[in-house]
Structure formats: C-alpha cells, structure tokens
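Each chain is listed here by its residues.
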Amino acid sequence: MSILLWLLCVVAMAVALLMIPHPALLAALVLFVAAPVVCWLILLLIRSKVRIRLTAPGVAGKNKPFTLRTQLESETRMPFGKTVMWLELTNAVTGETQKKRIVFRGSGEWTLQSAYCGCIECRTAGVWCYDLFGILPVKIPCKAKKRIVIMPDTFPVEIQTVLTRSDLDDCTEYAPDQKGSDRTETMQIRDYVPGDPLQQIHWKLSTKLDRLIVRDPAQPVDRELMVFLEQTDDNRSPETADALLEAVVSVCQALAEANQPFRLAWNEDVIHIFDVSNSEALPEAVSAILKSRRSLVQICGTELYQKTKGDTDMGAVLYFCSAQPDDPFPSARTQVYLCGDGNGENVTAFTPQNMTDVLSGLTWS
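Residues numbered from 1 in each chain as written. Predicted model: local features only at pLDDT ≥ 70, side-chain atom pairs only at ≥ 80, totals over all residues. Heavy atoms only, no water.

Chemist: Got a sec to walk through the overall build of the chain? Specific residues and values, please.
Modeler: Along the backbone of the chain there are seven helices and 19 strands. Here the chain has roughly 19300 Å² of accessible surface; of this, 54% comes from carbon and sulfur atoms. (Helix = DSSP H or I, 4+ residues; strand = E, 2+ residues; numbered from the N terminus. Areas by Shrake-Rupley, 256 points an atom, 1.4 Å probe, with all protein chains shown as cover.)

Chemist: An account of the sheet that holds strand 1 (residues 50-55) is needed here, citing residue identities and associated values.
Modeler: Strand order in the open sheet formed by three strands is 1-3-6, with antiparallel pairing between adjacent strands. Each edge of the open sheet is held by one strand with a lone partner, namely strand 1 and strand 6 (107-112). Direction aside, the axes of adjacent strands within the sheet are offset by 20 degrees on average. Both strand 3 (residues 66-74) and strand 6 contribute to a ladder of six bridges, which runs antiparallel. Bridging from a neighbouring strand, R69 pairs with E109 of strand 6. (Pairing = 2+ DSSP bridges. Axes fitted to C-alpha atoms, helices over the stretch in contact; angles between N-to-C directions.)

Chemist: Quick one: what's the story with the nonpolar core, residue by residue and with numbers?
Modeler: Ranked by size, the top nonpolar core spans 38 residues in total, and within it V227, F262, L264, F320 and L359 carry the most contacts. Elements supplying a minimum of two residues to this core: strand 13 (225-229), helix 4 (238-257), strand 14 (262-267), helix 5 (282-290), strand 16 (316-321) and strand 17 (334-339). Looking at this core element by element, the count peaks at 12 residues for helix 4. If we ignore the near neighbours within four places in the chain, the residues touching L264 are V227, V248, C252, H272, I273, F274, A285 and I289. Counting 29 residues, the second-largest nonpolar core is a separate cluster that includes L43, A56, I102 and F104. (Core = buried A, V, L, I, M, F, W, Y, C linked by side-chain atoms within 4.5 Å. Buried < 20%, exposed > 50% of the residue type's maximum accessible area, 1.4 Å probe, protein only. Contact = heavy atoms within 4.5 Å.)

Chemist: How would you explain the packing of aromatic side chains if you had to name every residue and give the values?
Modeler: Scanning the entire structure with this criterion turns up three aromatic pairs. Aromatic side chains F228 and Y319 sit 5.5 Å apart centroid to centroid with 10 degrees between the ring planes, which places their arrangement in the stacked category. Residue F228 is located in strand 13, and its partner Y319 is located in strand 16; the two are separated by 91 residues in the primary sequence. Note on accessibility: F228 and Y319 belong to one class, buried. (Phe/Tyr/Trp six-rings, centres within 6.5 Å; stacked < 30°, edge-to-face > 60°.)

Chemist: Which residues make up the pairing of strand 7 (residues 118-130), and what values go with them?
Modeler: The buried fraction of strand 7 amounts to 10 of the 13 residues, a majority that puts the element mostly inside the structure. Pairing geometry for strand 7 and strand 9 (residues 145-151), over six bridges, is antiparallel. Opposite C122, over in strand 9, you have K146 as the bridge partner.

Chemist: Talk me through the side chain of K62; I want residue IDs and the actual numbers.
Modeler: For K62, the location among the structural elements is in the loop between strand 2 (59-61) and strand 3. Among the polar contacts listed, one links the side chain of K62 to the side chain of E246, at a separation of 2.7 Å. When residues no more than four places from it in sequence are discounted, the contact partners of K62 are S114, A115, Y116, C117, I150, M151, P152, D153, D242 and E246. (Polar contact = N/O pair within 3.5 Å; in protein donor to acceptor, adjacent residues only side chain to side chain.)

Chemist: Go over the packing of helix 4 against helix 5, please, and point to the residues and values.
Modeler: At a minimum axis distance of 11 Å, the contact between helix 4 and helix 5 shows a crossing angle of 170 degrees. Relative to helix 5, the element helix 4 lies roughly antiparallel. On the side of helix 4, the interface is formed by L245, V248, V249, C252, Q253 and A256, while helix 5 contributes L282, V286, I289 and L290. (Parallel < 35°, antiparallel > 145°, perpendicular 65-115°, else oblique.)

Chemist: Explain the confidence of the model for the chain to me, using residue names and the numbers behind them.
Modeler: Parts of the prediction with low pLDDT should not have their coordinates interpreted in detail. In this model, the chain carries an average pLDDT of 82, and 85% of its residues clear a pLDDT of 70 or more. When the elements of the chain are averaged for pLDDT, strand 11 (residues 174-191) gives the smallest value, 67, and strand 9 the largest, 94. Below pLDDT 50 for its whole length, residues 162-171 participates in 22 contacts with residues either more than four positions away or in separate chains. (pLDDT = per-residue confidence, 0-100.)

Chemist: So, helix 5: which residues are in play, and what are the values?
Modeler: What helix 5 keeps buried is the set L282, A285, V286, I289 and L290. Buried residues of helix 5 fall within an arc of 130 degrees about the axis and therefore sit on the same side. Set apart from the buried face of helix 5 by more than 90 degrees, the exposed residues are P283 and E284. Close packing links the buried residues of helix 5 with strand 7, strand 9, strand 13, helix 4, strand 14 and strand 15 (271-276). (Arc of directions from axis to C-beta.)

Chemist: Explain the pairing of strand 9 to me, and be specific about the residues and the numbers.
Modeler: Note: strand 2 against strand 9, three bridges, orientation parallel. Across the sheet, residue V59 finds its bridge partner in strand 9, namely V149.

Chemist: If you had to explain the pattern of salt bridges to someone new, which residues and values would you point to?
Modeler: The final tally for this structure, using the stated rule, is nine salt bridges. Between K62 and E246 there is a salt bridge; the shortest N-O distance is 2.7 Å. Of the two residues, K62 sits in the loop between strand 2 and strand 3 while E246 sits in helix 4, which places them 184 residues apart along the sequence. Note on accessibility: K62 and E246 belong to one class, buried. Notably, a salt bridge pairs D191 with R211, separated by 2.8 Å at the nearest N-O pair. In this pair, D191 is assigned in strand 11 and R211 in the loop between helix 3 (203-209) and strand 12 (213-220), connecting sequence segments 20 residues apart. The exposure class of D191 is partly exposed, given its relative accessible area of 39%. Each of K62, D242 and E246 takes part in one network of salt bridges that share partners. (Salt bridge = Lys/Arg side-chain N within 4 Å of Asp/Glu carboxyl O.)

Chemist: Please provide a residue-by-residue account of helix 4, values included.
Modeler: Think of an α-helix as 3.6 residues a turn; residues three or four steps apart then line up on the same face. With 20 residues, helix 4 ought to run about 28 Å at 1.5 Å a step, and its terminal C-alpha atoms sit 28 Å apart, in line with that. With 16 of 20 residues buried, helix 4 lies mostly within the body of the structure. N259 lies just past helix 4 and shows a positive phi near 60 degrees. (Expected span 1.5 Å × (residues − 1).)

Encoded structure:
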C-alpha cells in the first residue's frame, strides 16, 4: 500500500466516523493509523542494526550476464516490508557510472552485464526500509560494496622477435622460487630424488652429510622488457579505455606464454609495477591492472615514473596510450602503441575496430 492510498483511507474512515459515530469504526480507525506508525517507530529505533549484503561472482566476462544478489540482514527479528535501494555501478577503468533503483523484500536477484572490461564497483547509494505494511519508509545508514572484475576478450598475438636477454654474467637478480639454468648461482639446496641430473649433485656437501645433496640452479630475472599503460588522458572514451586494456592484456598473455619475463607498469596516483616471470604470475598482475582507475594526477605516466623510480635504463618499452606522448621514455627501444590517430618513428596507431589485425604480430628492434 502506498502512503497516498493509506492517507486517503484514513481520511475516508475519519469522514465515515463523523457521519456515523460508532465505537467499532473508531477502533478500526485508530488501529489503521497506529499499526503502521508503531512499526515505523520501531524500525526507526533499530535501523542501525540493519545491514545490506551484496554478493556476486568475483569475475565475469564482457557482455556476459552475471547475477547480483541483495540480502537484507538484521540483528533483530523485526519483520520488514519492502526495501528500496539505489545501486551505483561504476567501471573503474572507463569511468562510466549509472544508478539503478531496485525494490525487493528480504532478498532479490538482478542480472547485470558490462560492455567494457575493467572492474565494476557496485555500491549502495541509498537504502530505505518500509514498515511491515509498506507505507512509511526509514532511511537505513548502511553501506555495502561489491567489486566484479570484467575480463577482456583477448586475442592472439604472435611474438616475432625475441628481445635481447641480459647476459648471465651481468645478471645480479634471480627469481627466488623458479629453477633455471644458471649453474653459477644456486636457488636452493635439497636432498637428491631419483631423476635429478648428476651434474647438480653437490659432492662435497654430500660427502660431509653422508647423503646425496643436489643444488638447483637459479633463474636470472630479465628486467629488460616493460609493458607500460599510460592512463593520464582524461578525454579517452570508454571504447578507447576498453581497447587499451584488451591490447595490453593480450600482449602480456602472449609474452607469458612465450616465457618472456617482463614488467607490467601503469600510472594512477602512483606508479604500479608487477614483475611477471612466468604464466603463474600473470593472473595477479592482470587482476590488478583491470582494477586500476584513471590517473587523477595531472602529470604524464612517463614523468611520474621517472620522478618515483629514477632514470634507470629501461631497455625495451612497449608503451600503450591514447594520446601521443612527446617523450615516452629515455629508451631507444621504446615502441609506442597508440589507440587513436598518430604517427612517427616507432609509433603504431590502432583503433578498437582494427587492433586485432594491427597487433597480431609484434616486432621489437
């Protein structure tokens, strides 16, 4: 029952009581008025003990429906009427925001989907609970939030040139949890198991301990390749932001599958860097970049990187952006991949429509 209908009924009953005074009619009027008001007062007193819970899958695909569930929870046994909630949906990557008004009683399920990859943040922007009769609302001071990572539609990228790797003699950094081929450095020492190469047996230590001991060679970490996503452009469209992420993730996936170690970096208010040495390290890095936001710092990613990380030799840089930079990085091996119009030496321009063809094969000098 709406509050307007309830008020009209109250007025009608009051008029009837004036025309036909009767104790039963008076009792009905008092009950009709008092019951919703009493429920509303109780709801007002316990509103701080009411919560909204949002549940949804942590990961979904582009243009693939997923289910968001809402649940009203209370520390009391007070029955409620309907719940009206404004839900705010924001894609952290594209900056798109929309609001949905949803109505449910106790719990509800809603089917949503996103046309762009990134991270959808669902949060309550206002919650009103009604009394048991559904007449009088009380605003509930609670906040709920749920994040859903929308995975990009990746495409195959062929790596046509293997980048120059660091010489083992000059490498001073090694992967702490990955066996390699550099026998001059040891990752770990352990007991021999059948099948271990005889070359790995540590004979001196084995003699001392009276059992076979092997040493696993270390894996040098290649720091020469960096994939950088520039996020300073405030004018990029949702389609451009979506295409940039799809391009970056597709390239990273191809590099990981080719066992090419690299650094994935991007700028928000600060510089984020993930070292990806193998395919197992890729999901965490991809999840982090999909949750990234547009940079609020009005300074390009290159300058921010150099201010915070210094002017170290970066080797090869794959620089993804939507506005052509004046000076991406002080590296002769910087390749700029521009989602938009642009030209110049070492600049490859693409659009959301043709990026799968343009970026299908990448070559570095």
